[in-house]
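# Remarks on the overall topology
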Amino acid sequence: MTDQNYETSDVLVVGSGIAGLAAALGAVREGSDVTVATKATRPEGASSWWAQGGIAVSRDHPEQFKQDIIAASDDTADPDAVDVLVENANDAVEDVLLDTLEVKFDENGGDLDFTREAAHSEDRILHVDAATGKHIHVPFLNYLDAHDGVEILDDTAALELIRHEGRVHGAMLESDGEVTPHYAGSVVLATGGIGELYPRTTNPDMATGDGIAMAALAGADVEDMEYVQFHPTVAIPGEDGDDDDVFLVSEAVRGEGALLRNGDGERFMKEYHADAELAPRDVVARAVKAEREGTGEVLLDVSPLSFAAEFPGLARRCTDHGIDYEDGIPVAPAEHFLCGGVAVDDRGRTTLDRLYAVGECSRTGVHGANRLASTSLLEGLVWGLRAGEDAAGKGVEPIEAPDLLERDPDLPARFAGDKMHRLRRVMDEQLGVERDPDELGKAMATVRRLKGEVDAYVRTRTSRSLYELRHASVTALLVARHASENTESVGTHNLVEKAPAEPSAD
Ligand SMILES: Cc1cc2nc3c(=O)[nH]c(=O)nc-3n(C[C@H](O)[C@H](O)[C@H](O)COP(=O)(O)OP(=O)(O)OC[C@H]3O[C@@H](n4cnc5c(N)ncnc54)[C@H](O)[C@@H]3O)c2cc1C
């Protein structure tokens, strides 16, 4: 036992997106007291807030939904995990989103309006205003904030897990420069994605892969890290866009009839896939990249629909960013979602005792090598609830915490920024939409070197930005390692084929 100052709760949830909030709800309903620690200072600090298209449900055709998920994954999704998702979808959405939070999904003639997105074979997506995320996320935060037994700690980052002999006992939390051990009966990681590892991403800037790195450093299994999904239609304002200004143009826009045209004004998607603009994401992302390289630009032509009427928020955002959408929206692929993560079972249990992972930082097997649109909010909701219920009711046992408490918090100026810049360049050039198998070993060596430089600082300093950099470099190394170990080009892991070498003249 330790004589340090410390906090405790039955369940510590790290992250306040849909997955973390669902886990908190699951646990508090079981009678546990729950602490949600989140780096976010505003709801916008979670990808969940930014979700546009919506949340898929199975309606009356679960088998069809399962087939769509598996087809989009290039037949790599785990059928058992897909069963868990689809068979719990309607109940979870009804219970939490409709009955508990009373989310007012868009209606059509007094009934819920279901829409369709790329690679879905029927209309099954619930949505609000093409800004579904915030209409779920804000009421969810408010509901839990007012709930007895739940405490939400904003602007509080988990830096490291407290682990002893294969069991997790809590996490070291940093707030306002102070680091404190927080002991818990169970810890649920819900830290979201890894977008910040790439120069162009749809994710908010908290997405540095913290939960994946913390779990991996504690010894948990991590899987499928090579499957990084790039969204094909991310608006790039201005001359090729400032990467901080890019924003997602939801698949729902293509679902409603928008067309992709190359720099010569030609539609091209039919040459790449029979479903044209509604092909799976990985196919469209590769096509958009190729056409941009071949013809200079790709525009999303929204003239077939009443864009401003159907997507008023997006239309406003275009105008605010100086894009005249009537001339077409300039788009490019950008990092969007990680299909892999901390390996978990059907209740979000990792390979370490009392450690759970849910949402985008986890690898449930639902997405395989490529995610079907609008299944991520659902996965976070379903697995969050199940993990929270399972995590409840375990005893808290404070133990000796890692020695992070007495270190110098300062970092040399620009250290983190420079290292992040180097990391992003490798990820973009060697671990992006297309990967050259001959370059993956080099990418791994570069990232490993960078991680070594960061580790040297971590031994003597404890600032949040340094730990984010550490987590980003650990996560990047996992992506590079898994990518170099997987020689099969599948889904989002797209290996470029080399032309056979010319026979030599002699
Ligand atoms: C622009 C955009 C549009 C999208 N549209 C859709 C859609 O229409 N439908 C759909 O299904 N999916 C969509 N997605 C994907 C989906 O939104 C995310 O995959 C999902 O919301 C992830 O939820 P999460 O709870 O796992 O993570 P997030 O919502 O990203 O939350 C992660 C949380 O962890 C916190 N955190 C991170 N590290 C730490 C740490 N060390 N300590 C404490 N807190 C930490 C963050 O601050 C944040 O609160 C979209 C994503 C984006 C970015």
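Calculation criteria
- Residues numbered from 1 in each chain as written.
- Predicted model: local features only at pLDDT ≥ 70, side-chain atom pairs only at ≥ 80, totals over all residues.
- Heavy atoms only, no water.
- Near = heavy atom within 4 Å.
- Polar contact = N/O pair within 3.5 Å; in protein donor to acceptor, adjacent residues only side chain to side chain.
- Areas by Shrake-Rupley, 256 points an atom, 1.4 Å probe, with all protein chains shown as cover.
- Helix = DSSP H or I, 4+ residues; strand = E, 2+ residues; numbered from the N terminus.
- Nonpolar A, V, L, I, M, F, W, Y, C, P; charged D, E, K, R; others polar.
- Expected span 1.5 Å × (residues − 1).
- Buried < 20%, exposed > 50% of the residue type's maximum accessible area, 1.4 Å probe, protein only.
- Arc of directions from axis to C-beta.
- Contact = heavy atoms within 4.5 Å.
- Domains from an automatic or database assignment.
- Buried area = accessible area lost by both parts, 1.4 Å probe.
- Pairing = 2+ DSSP bridges.
- Axes fitted to C-alpha atoms, helices over the stretch in contact; angles between N-to-C directions.
- Phe/Tyr/Trp six-rings, centres within 6.5 Å; stacked < 30°, edge-to-face > 60°.
- Lys NZ or Arg CZ within 6 Å of the ring centre and 35° of its normal.
- Parallel < 35°, antiparallel > 145°, perpendicular 65-115°, else oblique.
- Left-handed = near helix turned anticlockwise from the far one by under 90°.
- Core = buried A, V, L, I, M, F, W, Y, C linked by side-chain atoms within 4.5 Å.
- Salt bridge = Lys/Arg side-chain N within 4 Å of Asp/Glu carboxyl O.

### Here's the deal with the site of the ligand
With respect to spatial proximity, 39 residues lie near the ligand, and among them Ser48, Gly54, Asp210, Glu360 and Ser376 are the closest. Interatomic distance of 3.2 Å between a backbone N/O atom of Gly45 and an oxygen atom of the ligand. Measuring from a nitrogen atom of the ligand, one finds a backbone N or O atom of Gly54 at 2.8 Å. Computed on the free molecule, the ligand has an accessible area of 1000 Å², of which 98% lies beneath the protein chains in the complex. The set of elements that each furnish at least two residues to the shell around the ligand consists of α1 (18–29), α2 (47–50), β8 (156–164), β16 (329–338) and α11 (376–391). Split by residue class, the shell around the ligand holds 15 nonpolar, 20 polar and four charged.

### Regarding α1
Spanning 12 residues, α1 covers 16 Å between terminal C-alpha atoms, matching the ideal 16 Å at 1.5 Å per step. The buried fraction of α1 amounts to 11 of the 12 residues, a majority that puts the element mostly inside the structure. Restricting attention to buried positions, one finds in α1 the residues Ile18, Ala19, Gly20, Leu21, Ala22, Ala23, Ala24, Leu25, Gly26, Ala27 and Val28.

### Observations concerning helix α3 (residues 62–72)
The periodicity of an α-helix, 3.6 residues per turn, causes residues three or four places apart in sequence to face the same way. Within α3 the residues assigned to the buried category are Phe65, Lys66, Asp68, Ile69 and Ala72. The arc enclosing the buried residues of α3, seen along the axis, measures out at 160°, which places them on a common side. Where α3 is buried, its residues meet β3 (55–56), α4 (79–100) and α11. Phi turns positive, to about 65°, at Asp74, one or two residues after α3.

### Let's talk about the domain arrangement of the protein chain
Here the protein chain is partitioned into domain 1 (7–227 + 339–391), domain 2 (232–335) and domain 3 (415–485). Using only C-alpha atoms to locate each centre, domain 1 and domain 2 end up separated by 28 Å. At the interface, 21 residues of domain 1 touch 25 residues of domain 2. Together domain 1 and domain 2 conceal approximately 1900 Å² of surface at their shared face, both sides included; 51% is due to carbon and sulfur atoms.

### Topic: the sheet that holds strand β19 (residues 362–363)
Strand order in the open sheet formed by three strands is β11-β17-β19, with mixed pairing between adjacent strands. Whereas interior strands pair on both sides, the edge strands pair on one side only; in this sheet they are β11 (222–223) and β19. Two strands pair when backbone bridges link them, and strand β17 (residues 341–343) and β19 are joined in this way by two bridges, in the parallel orientation. In the strand pairing of β19, Ala343 is matched with Arg363. Packing of helix α6 (residues 210–218) onto the sheet brings it into contact with β11 and β17, and relative to β17 it is tilted by some 40°.

### Examining the packing of aromatic side chains
When we look at a pair of aromatic rings, we describe it by the centre distance and by the angle of the planes. Applying the stated rule across the entire model yields seven aromatic pairs. When the centroid spacing of 4.1 Å and the interplanar angle of 50° are considered together, the rings of Phe415 and Tyr457 count as tilted. One end of the pair, Phe415, is in helix α12 (residues 415–430); the other, Tyr457, is in helix α13 (residues 437–458), and 42 residues separate them in sequence. Geometry around Phe114 places Arg59 over its ring, the cationic atom sitting 3.7 Å from the centre. The ring of Phe337 carries Arg371 above its face, with NZ or CZ at 4.2 Å from the centroid.

### A closer look at the packing of α1 against α11
Axis separation between α1 and α11 bottoms out at 7 Å; the angle between their running directions is 30°. One way to sum up the angle between α1 and α11 is to call them roughly parallel. Our pair here, α1 against α11, has a crossing hand that is right-handed. Note on element contacts: α11 touches α1 through Leu377, Gly380, Leu381, Gly384, Leu385, Gly388 and Glu389, opposite Ile18, Ala19, Ala22, Ala23, Leu25, Gly26, Ala27 and Arg29. Considered class by class, the residues forming the contact of α1 with α11 number nine nonpolar, four polar and two charged.

### As for the pairing of strand β12 (residues 228–235)
Each regular strand carries side chains that alternate between the two faces of the sheet. Across the eight residues that make up β12, a large majority, eight, are buried. As paired elements, β12 and β16 share six bridges and run antiparallel to each other. For Val234, the partnering residue across the bridge sits in β16 and is Ala332. Sheet topology note: the β12/strand β13 (residues 247–248) ladder contains two bridges and is antiparallel. Bridge pairing in β13 places Ala235 opposite Phe247.

### As for the nonpolar core
Note that soluble globular proteins tend to have their nonpolar side chains buried in a common cluster. Judged by nonpolar contacts, the single largest core of 127 residues is most densely connected at Ile55, Leu97, Phe140, Leu189 and Leu381. The element contributing the most residues to this core is helix α14 (residues 464–485), with 11 residues. Once residues within four sequence positions are removed from consideration, Ile55 is found in contact with Val93, Leu97, Phe105, Arg124, Ile125, Leu126, Ile136, Ser374, Leu377, Leu378 and Leu381. Residues Met269, Leu305, Phe307 and Ile323 belong to the second largest nonpolar core, which totals 28 residues.

### Observations concerning the pattern of salt bridges
For the coordinates displayed, the defined rule picks out 33 salt bridges. The closest approach of N and O atoms between Glu468 and Lys39, which form a salt bridge, is 2.7 Å. Residue Glu468 is located in helix α14, and its partner Lys39 is located in the loop between β2 (34–37) and α2; the two are separated by 429 residues in the primary sequence. The class of Lys39 is buried, set by a relative accessible area of 18%. Arg124 serves as the salt-bridge partner of Asp68, at 2.8 Å between the closest nitrogen and oxygen. On the criterion of sequence distance, the pair formed by Asp68 in helix α3 and Arg124 in the loop between β5 (111–112) and β6 (125–126) is long-range, its members being 56 residues apart.

### Describing the packing of α3 against α4
At their nearest, the axes of α3 and α4 sit 10 Å apart, and the two run at 135° to each other. By the angle class used here, α3 and α4 are oblique. By crossing handedness, the relation of α3 to α4 is classed as right-handed. Listed contacts from α4 to Pro62, Phe65, Lys66, Ile69 and Ile70 of α3 are Pro79, Val82, Asp83, Leu85, Val86 and Glu87. Classifying every residue of the contact of α3 with α4 by side-chain character gives eight nonpolar, no polar and three charged.

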